[in-house]
Amino acid sequence: MKNLGVLFRYEMKKLWRRKLTWIIVILLAGIFSYSTINSQRSGISGTFTITNENGEEISQYLSVNDQFKIRIEGSQLLSGQLIDESFFNTAKETIPLSAESQDQKSYFLLIDPSYYDFYSFYGDYLNGSAQDFYSQRDESIKRNLQRADLSSDEMDYWENIAEQVETPFVYQQISGGQALLDVLGSGGIAIIIPLLAGILLCELFSQERRTKVDKLIFSTQRGRFPLYLAKVLAGEISVLLAVAIISGVSIATNLLVYGYSSLSGAIQLLPWLWSSILPITIGQAALMLLVLLLTYGLLCGAITAMVSALSGSGVVSLAISIGIMLLTMQQYDVSWVEYLPANLVDQHTFMSLTLTNIFGIKLNFFQSGLLLYMALAFLLFILCWLCWRWKATKCA
């Protein structure tokens, strides 16, 4: 074990000296940065015309980028306001709700963009009051609780959690928060993690076999475990580092484009999470997804390492990783499907009412899923060592 540090540094250099490692990390970071920038852009460039309250006609050509900038900057004007009756009344007094959609868009772009972002997501609710807005949310939560078929103890647990969500909500920009959780979820970075782990680690144990160095390594027993540990540590840390770089660049891009205000907003501001009963902010939700991404990367790295040790083939290891990526993108009608990455590493984790009781401790979906993935990764590390030791015995 004295040489573990030396072996670890050597294995890290092997992985990060490969041009392919840097190419795939930079390429994916660029793709998802572009995705988070453009996920909330819509419409086409054109000339917008409207008549203001003084009877003057205003006409201006605006590109898609101009429209996006106006929408984001306009949302900052309402930042920090309570979404209450006053908020709704002001919206109904200023927005031409009876106008055609194109005229409404012209109003937002040329006269008052403050409600543009809110109206894009919750425009239908402006036909009613703030009380209606929150009443419909309460009814939606009740339906979700009833459909979940919970025990009385579980129902009490979730009702207690729901009471911790403060209403009325404080308005913060919605588009930035939605774009951030989209890129960190199963529709974004989570999709490619098996492929990323496969590309990085497919030759973690197979390279020695291809170069015929494995027989020399297996000829001594004292150095086997330190070398195995160095390989696994270097491999897993490399996957985590790659995921962190891609996620970090995407998050930084999101904050530069949309600003920081959405991070402090309640997750209930996002349409998909409107009826969530978790008392957390969008920033906290993003952090939870990042933790899940890293844990999923740990699991995918363990799978790739085990296949590499068992098969001795980089091609087989990469093929299995691609297969996992494709399989996890499918929909399955089975009870345990909720713990697949498409659900766990996604916004669904903030809507799930699943509770797991372990030694009298209630774990929500995020907590139990995190624990499950870490346990599976640890189990695979043990199996990987057994496979590699079996190979050593066979070669000896």
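Not measured: the values here are computed from a predicted model. (Residues numbered from 1 in each chain as written. Predicted model: local features only at pLDDT ≥ 70, side-chain atom pairs only at ≥ 80, totals over all residues. Heavy atoms only, no water.)

(A) Molecular detail of the overall build of the protein chain. The helix and strand tally for the protein chain stands at 17 helices and 4 strands. Within the structure as shown, the protein chain displays about 19600 Å² of accessible surface, and the carbon and sulfur contribution to it stands at 59%. (Helix = DSSP H or I, 4+ residues; strand = E, 2+ residues; numbered from the N terminus. Areas by Shrake-Rupley, 256 points an atom, 1.4 Å probe, with all protein chains shown as cover.)

(B) Looking closely at the packing of helix H13 (residues 224-258) against helix H14 (residues 282-311). Remark: H13 packs on H14, axes separated minimally by 9 Å, with the N-to-C direction vectors making an angle of 150 degrees. Helix-helix and strand crossings are classified by hand; for H13 and H14 the assignment is right-handed. In contact with Glu236, Val239, Leu240, Val243, Ala244, Ser247 and Ile251 of H13, H14 contributes Leu290, Leu293, Leu294, Gly297, Leu298, Gly301 and Ala302. (Axes fitted to C-alpha atoms, helices over the stretch in contact; angles between N-to-C directions. Left-handed = near helix turned anticlockwise from the far one by under 90°. Contact = heavy atoms within 4.5 Å.)

(C) Representation of the nonpolar core. Among the nonpolar cores identified, the biggest contains 103 residues, and Ile83, Phe118, Trp158, Leu196, Phe205 and Phe350 are the most heavily contacted of them. Here the element with the most residues in this core is H14; it accounts for 15 residues. Residues within four places of Phe118 in sequence aside, it is in contact with Ile83, Phe87, Phe88, Gly123, Leu126, Tyr171 and Ile174. (Core = buried A, V, L, I, M, F, W, Y, C linked by side-chain atoms within 4.5 Å. Buried < 20%, exposed > 50% of the residue type's maximum accessible area, 1.4 Å probe, protein only.)

(D) Up close: the packing of aromatic side chains. Within the structure shown, the criterion is met by 25 aromatic pairs. On the numbers, 5.0 Å between centres and 65 degrees between planes, the contact of Phe87 with Tyr115 is edge-to-face. In this pair, Phe87 is assigned in helix H4 (residues 85-94) and Tyr115 in the loop between helix H5 (101-110) and helix H6 (116-122), connecting sequence segments 28 residues apart. No difference in accessibility class separates Phe87 from Tyr115, as the two residues are buried. (Phe/Tyr/Trp six-rings, centres within 6.5 Å; stacked < 30°, edge-to-face > 60°.)

(E) Representation of the pairing of strand S1 (residues 46-51) in the model. With 6 bridges joining them, S1 and strand S2 (residues 57-62) adopt antiparallel strand pairing. If you follow Phe48 over to S2, its bridge partner there is Gln60. Connecting S1 to the next strand, S2, in antiparallel fashion are 5 residues, including Gly55 with a positive phi near 85 degrees. (Pairing = 2+ DSSP bridges.)

(F) Spatial organisation of the environment of Ile70. The topology assignment puts Ile70 in helix H3 (residues 64-75). Given a relative accessible area of 19%, Ile70 falls into the buried group. Between the C-alpha atoms of Ile70 and Leu110, which are 40 residues apart in sequence, the distance is 9.0 Å. The residues touching Ile70, leaving out its near neighbours within four places in the chain, are Leu62, Phe108, Leu109 and Pro113.

(G) Summary view of the state of the cysteines. For the structure shown, the criterion picks out 0 disulfides. For the unlinked cysteine Cys300, the closest cysteine sulfur is that of Cys202, found at 14 Å. (Disulfide = S-S within 2.5 Å.)

(H) Spotlight on the side chain of Ser140. Following the sequence through the fold, Ser140 ends up in helix H7 (residues 130-147). Not counting residues up to four positions away in its chain, the partners in contact with Ser140 are Trp274 and Ser275.

(I) Spatial organisation of a nonpolar patch on the surface. On the surface, a nonpolar cluster with roughly 580 Å² of combined accessible area is contributed by Leu372, Leu376, Phe378, Leu379, Ile382, Leu383 and Leu386. For Leu383, a relative accessible area of 35% translates into the label partly exposed. (Patch = residues over 30% accessible without salt bridge, like charges linked within 9 Å, V, L, I, M, F, W, Y side chains within 5 Å. Salt bridge = Lys/Arg side-chain N within 4 Å of Asp/Glu carboxyl O.)

(J) Structural detail: the side chain of Lys231. By the element assignment, Lys231 lies in helix H13. Taking relative accessible area as the criterion, Lys231 reaches 1% and is therefore assigned buried.

(K) Representation of the pattern of salt bridges within the structure. Under the counting rule described, the total for this entry stands at 4 salt bridges. A salt bridge links Asp117 to Arg71; the shortest N-O distance between them is 3.0 Å. Taken together, the residues Asp117 in helix H6 and Arg71 in helix H3 connect sequence positions 46 residues apart. Neither residue differs from the other here; Asp117 and Arg71 are each classed as buried. Counted as one network, the salt bridges with shared partners bring together Glu11, Lys14 and Lys231.

(L) Quick look at unusual backbone geometry. Put simply, Thr167 and Pro168 share a cis peptide bond, and its omega is 0 degrees. As for its position among the elements, Pro168 is in the loop between helix H8 (152-162) and helix H9 (175-184). Not every positive phi belongs to a glycine, and Asp149 is a case in point at roughly 55 degrees. In this fold, Asp149 is placed in the loop between H7 and H8. Here the phi dihedral of Phe359 falls at roughly 55 degrees; this positive angle occurs in a residue that is not glycine. Looking at the element boundaries, Phe359 is found in the loop between strand S3 (356-358) and strand S4 (361-363).

(M) Representation of the packing of helix H2 (residues 19-38) against H13. Look at H2 against H13: their axes get within 9 Å of each other, and the N-to-C directions meet at 30 degrees. Comparing their axes, H13 and H2 come out roughly parallel. When the axes of H2 and H13 are compared, the crossing they make is right-handed. Contacts from Val25, Leu28, Ala29, Phe32, Ser33, Thr36 and Ile37 of H2 reach H13 at Ala242, Ile245, Ile246, Val249, Ser250, Thr253, Asn254, Val257 and Tyr258. Residue composition of the contact of H2 with H13, by class: 11 nonpolar, 5 polar and no charged. (Parallel < 35°, antiparallel > 145°, perpendicular 65-115°, else oblique. Nonpolar A, V, L, I, M, F, W, Y, C, P; charged D, E, K, R; others polar.)

(N) How the structure looks around H2. Relative to the 28 Å expected for 20 residues at 1.5 Å per residue, H2 spans 29 Å between its end C-alpha atoms, a close match to the ideal helical length. When H2 is considered as a whole, its buried residues turn out to be Thr21, Ile24, Val25, Leu28, Ala29, Phe32, Ser33 and Thr36. When H2 is viewed along its axis, its buried side chains cluster within an angular range of 155 degrees and face the same direction. For H2, the exposed residues lying more than 90 degrees away from the buried face are Lys19, Ile23, Ile26 and Tyr34. The secondary structure elements touched by the buried residues of H2 are helix H1 (4-16), H9, helix H10 (189-201) and H13. (Expected span 1.5 Å × (residues − 1). Arc of directions from axis to C-beta.)

By themselves, these are just geometric observations and shouldn't be taken as functional.
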